[in-house]
Amino acid sequence: IDEDPQAGMAKTADRKLAIAERIHGLFTRRWGLDEDDLFFDPLTFTIATGNEEDRRLGLETLEGIRRIAERFPRCQILLGLSNISFGLKPAARAVLNSVFLHEARARGLTAAIVHASKILPQNRIPREQWDAAQWLIFDRRGAARPEGMPESFDPLLHFIGLFPDGAESAEVRRTLADLPVEEALQRHIIDGEDKDLEGTLDRALGAYGPLEIINDHLLAGMKVVGELFGEGKMQLPFVLQSASVMKKAVALLQPHMEKAGATGKAKARIVLATVSGDVHDIGKNLVDIILTNNGYEVHNIGIKVSINEMIEKALETRADAIGMSGLLVKSTLIMRDNLEELNERGLSHIPVLLGGAALTRTYVEKDLREVYDGRLFYGKDAFEGLRVMDRLGEIKRTGVDDPDYGRVPEGRQLPERTVVEVDHATLPARSPEAETDNPVFVPPFLGSKLVKGIALDDIAAYINETALFRNQWQYRPEKGETDEDFKARIRPELRSELAKAKAQDALVPQVAYGYFPVNAEGHDLIVWKDDERNAEWLRFSFPRQTKEPHLCIADFFRSVDSGEKDYAAFHIVTMGHRVSDLCAELFAANKYQDYLHLHGIGVEMAEALAELWHRRIREEWGFADEDGPTLQGLFRQQYRSGRYSFGYPACPDLEDNAKISELLGAERLGIECNEETSWQYQPEQTTSALICHHPRAKYFVAR
């Protein structure tokens, strides 16, 4: 609303944006306030009057939200939602409000004034009503009318007709308390709804024992959740919400089981561990959540676990299976060694499940089945692990065995890779593609510096949304949704999670970085103690490609023999220990969805800080003007220089992480990296890199 006496309240997207721009200017430039504290309410109006001028008001509000969110991404957008349905019956209002909220959030709405009990999730609104509400919001008349509708079709009259006098939407009228108790128990789990859970359990205890409630009704709800996930109709964050409700229900029933002398017998037992030398545990913990809340006894024994520790725990608990997890490429080799150890110790009767980012189904179920004498399975995700455990449990329970299950090698028959022995003495000392006449950029200082107090908003601007939304949080686009629409729908979740992280002081960004005198010697990069280059501090050794163009990272620096000076930059960035501690607390408290979100934010904010600081280094070093014009371009290396983190094929030696730590004095930031940490950084949300200024320095594979 502005002071225009004629136009008054803004009804078009153009005016909504124009007024928002004026408010933003007053708020930030005249009054000097922080735009993060600003909420815009773009206003919505009823679309239920039938007046021609009101038909597009909902659509204009949605477009206004989208434009304001794009123009001011750091500001919030608030809406008094129920105005959209003013004048309709209560049942119709609940449906229209719910659909409009869905559409508004997809365009950037971050807050709403709503009656929470009157908002329905999509899976509880009949498809006919959902579609009709969308037709009304988007004014699908005339040429835009839905297929099969007559030319006279009026979306308002059609929508009203779905809610005749005296009739009320069954979904609105029937609360969980109105449902048969068996159905109500399952709905609590499927909907991830813990409101009135205790009351529903009390009702159920009047008819069933606590174990019956768990085994026959709550687990039936979890089974539906697994089916919805497998069909792509439920995404991981909502699965975890259901698992949290399941955990809470079992905890509420526990005193009744103890009082009745009943003990819940687990379907089966499994030992889970991240293999030796690997500190990554998010995937393993998700498997723990799903199996535990589907009736399995899980012994999650942590990270960097040796095969001896796994065997000891499996024998102690009489486990029915062992699950091994790992993110690193080298973890796949350790898994192979572990399988051979199980063979040698006569323990191949224990089925094994393997999971991790570096594994493939063919490698596990073809190559490694040829190694292991027992049953072996690839777990693409937690629910595949659940299906395997269900089948193993069925075999144990019924005694009806399929001797081939998990034993017969399967998967694509890949052509044999021909290994050609290469005499490394015949390889060139330097790739001909790495020119030696490029300018050497002199850094602004030599040595290292610490940087603290970096603004989280500055870092968040460099977040890779694809990596966060799809890989960390595991959201997926809905049917027909473009990538941009998908990201716009999830961005409010990102804003919310960042706000919570700020409030908890969960993220403590810090950087150690610096510039050092270097020269190449063959495959090695020598780091000198000072610019006189008389004393060597340490050196890194890199592999060279055995095929053209025979690149090696050392090629991107002037050689010792040239007599010319050259320089390299290094950085270590971290989000600190607190985010790891809070993640552990959330996992222990069974707040699984919050755990997934915070862990993902920690990981991707560390990566964003690495991207931001690489940009700062390019600015200091004097060649940032060669950067590409977009953030997505930076993610595709559209800049001068290369940033290499150890553990990848061009620089595979993780022990080199400790050398970067030594150069930069990373212990000053509370960062550890040594044999005890398997040469990986602690805290987990930490990453480092070697940065070159050479124009040819880009990612490549050395093999």
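Whatever comes next refers back to the structure up there.
What counts as what
- Residues numbered from 1 in each chain as written.
- Predicted model: local features only at pLDDT ≥ 70, side-chain atom pairs only at ≥ 80, totals over all residues.
- Heavy atoms only, no water.
- Phe/Tyr/Trp six-rings, centres within 6.5 Å; stacked < 30°, edge-to-face > 60°.
- Buried < 20%, exposed > 50% of the residue type's maximum accessible area, 1.4 Å probe, protein only.
- Helix = DSSP H or I, 4+ residues; strand = E, 2+ residues; numbered from the N terminus.
- Lys NZ or Arg CZ within 6 Å of the ring centre and 35° of its normal.
- 1 Å grid on protein atoms, 1.4 Å probe; cavity = no way out; pocket = protein on both sides within 12 Å on 5 of 7 lines; lining within 4 Å.
- Points joined across faces, edges and corners; volume = space filled by probe spheres on them.
- Nonpolar A, V, L, I, M, F, W, Y, C, P; charged D, E, K, R; others polar.
- Pairing = 2+ DSSP bridges.
- Axes fitted to C-alpha atoms, helices over the stretch in contact; angles between N-to-C directions.
- Core = buried A, V, L, I, M, F, W, Y, C linked by side-chain atoms within 4.5 Å.
- Contact = heavy atoms within 4.5 Å.

Notes on the packing of aromatic side chains
Centre-to-centre distance and the angle between the planes together describe a pair of aromatic rings.
Phase 1 of the analysis: Per the counting criterion, the structure on display carries 26 aromatic pairs.
Phase 2 of the analysis: Each ring, one from Phe 540 and one from Phe 542, has its centre 6.3 Å from the other, and the planes form 10°; the classification is stacked. As far as the burial class goes, Phe 540 and Phe 542 line up, both buried.
Phase 3 of the analysis: Both rings, one in Phe 556 and one in Tyr 644, keep their centres 6.4 Å apart while their planes meet at 10°; by these two values the pair is stacked. Linking Phe 556 in the loop between strand S12 (536-541) and strand S13 (566-574) with Tyr 644 in strand S14 (residues 642-644), this pair joins segments that are 88 residues apart in sequence.
Phase 4 of the analysis: Looking at Phe 556, the relative accessible area reads 1%, which means it is buried.
Phase 5 of the analysis: Pairwise contacts between aromatic rings join Phe 441, Phe 445, Tyr 513, Tyr 515, Trp 613, Trp 621 and Phe 623 into one cluster.
Phase 6 of the analysis: In this arrangement the basic side chain of Lys 449 is found over the ring face of Phe 445, its NZ or CZ atom lying 4.2 Å from the centre.
Phase 7 of the analysis: Against the face of Tyr 567 rests Arg 533, its NZ or CZ located 5.1 Å from the ring centre.

Quick word on the layout of surface pockets
Phase 1 of the analysis: A volume near 1100 Å³ is recorded for the second largest pocket.
Phase 2 of the analysis: Along its surface, the second largest pocket is lined by 40 residues, and Leu 219, Lys 267, Asn 294, Gly 295 and Tyr 296 are the ones closest to its centre.
Phase 3 of the analysis: Per-element accounting of the lining of the second largest pocket gives the leading share, 10 residues, to helix H9 (residues 210-230).
Phase 4 of the analysis: Taken together, the residues of the lining of the second largest pocket break down into 16 nonpolar, 11 polar and 13 charged.

Topic: the sheet that holds strand S5 (residues 297-300)
Phase 1 of the analysis: Spatially, the 5 strands line up as an open sheet ordered S5-S4-S6-S7-S8, and their pairing is parallel. Strand pairing shows two members of the sheet lacking a second neighbour, S5 and strand S8 (376-378), which therefore form its edges. Averaged over all neighbouring strand pairs, the angle between strand axes comes to 20°, with direction disregarded.
Phase 2 of the analysis: Pairing analysis gives 5 bridges linking strand S4 (residues 269-274) to strand S6 (residues 321-325), with the strands arranged parallel. The residue of S6 that forms the bridge with Val 271 is Ile 322.

Concerning the nonpolar core
Phase 1 of the analysis: Counting 94 residues, the largest nonpolar core has Leu 218, Met 389, Ile 459, Met 605, Leu 609, Trp 613 and Trp 621 as the members making the most contacts within it.
Phase 2 of the analysis: With 14 residues, the top contributor of residues to this core is helix H20 (residues 592-621).

Re the sheet that holds strand S3 (residues 111-113)
Phase 1 of the analysis: The parallel open sheet is built from 3 strands, whose spatial order is S1-S2-S3. Where the open sheet ends on each side, the last strands, each with one partner, are strand S1 (39-40) and S3.
Phase 2 of the analysis: Bridge count for strand S2 (residues 76-80) against S3 is 3 bridges, and the pairing is parallel. Bridge assignment links Leu 79 to a residue of S3, and that residue is Ala 112.
Phase 3 of the analysis: The strands touched by helix H2 (residues 57-71) are S1 and S2; relative to S2, the strand with the most contacts, the crossing angle is about 160°.

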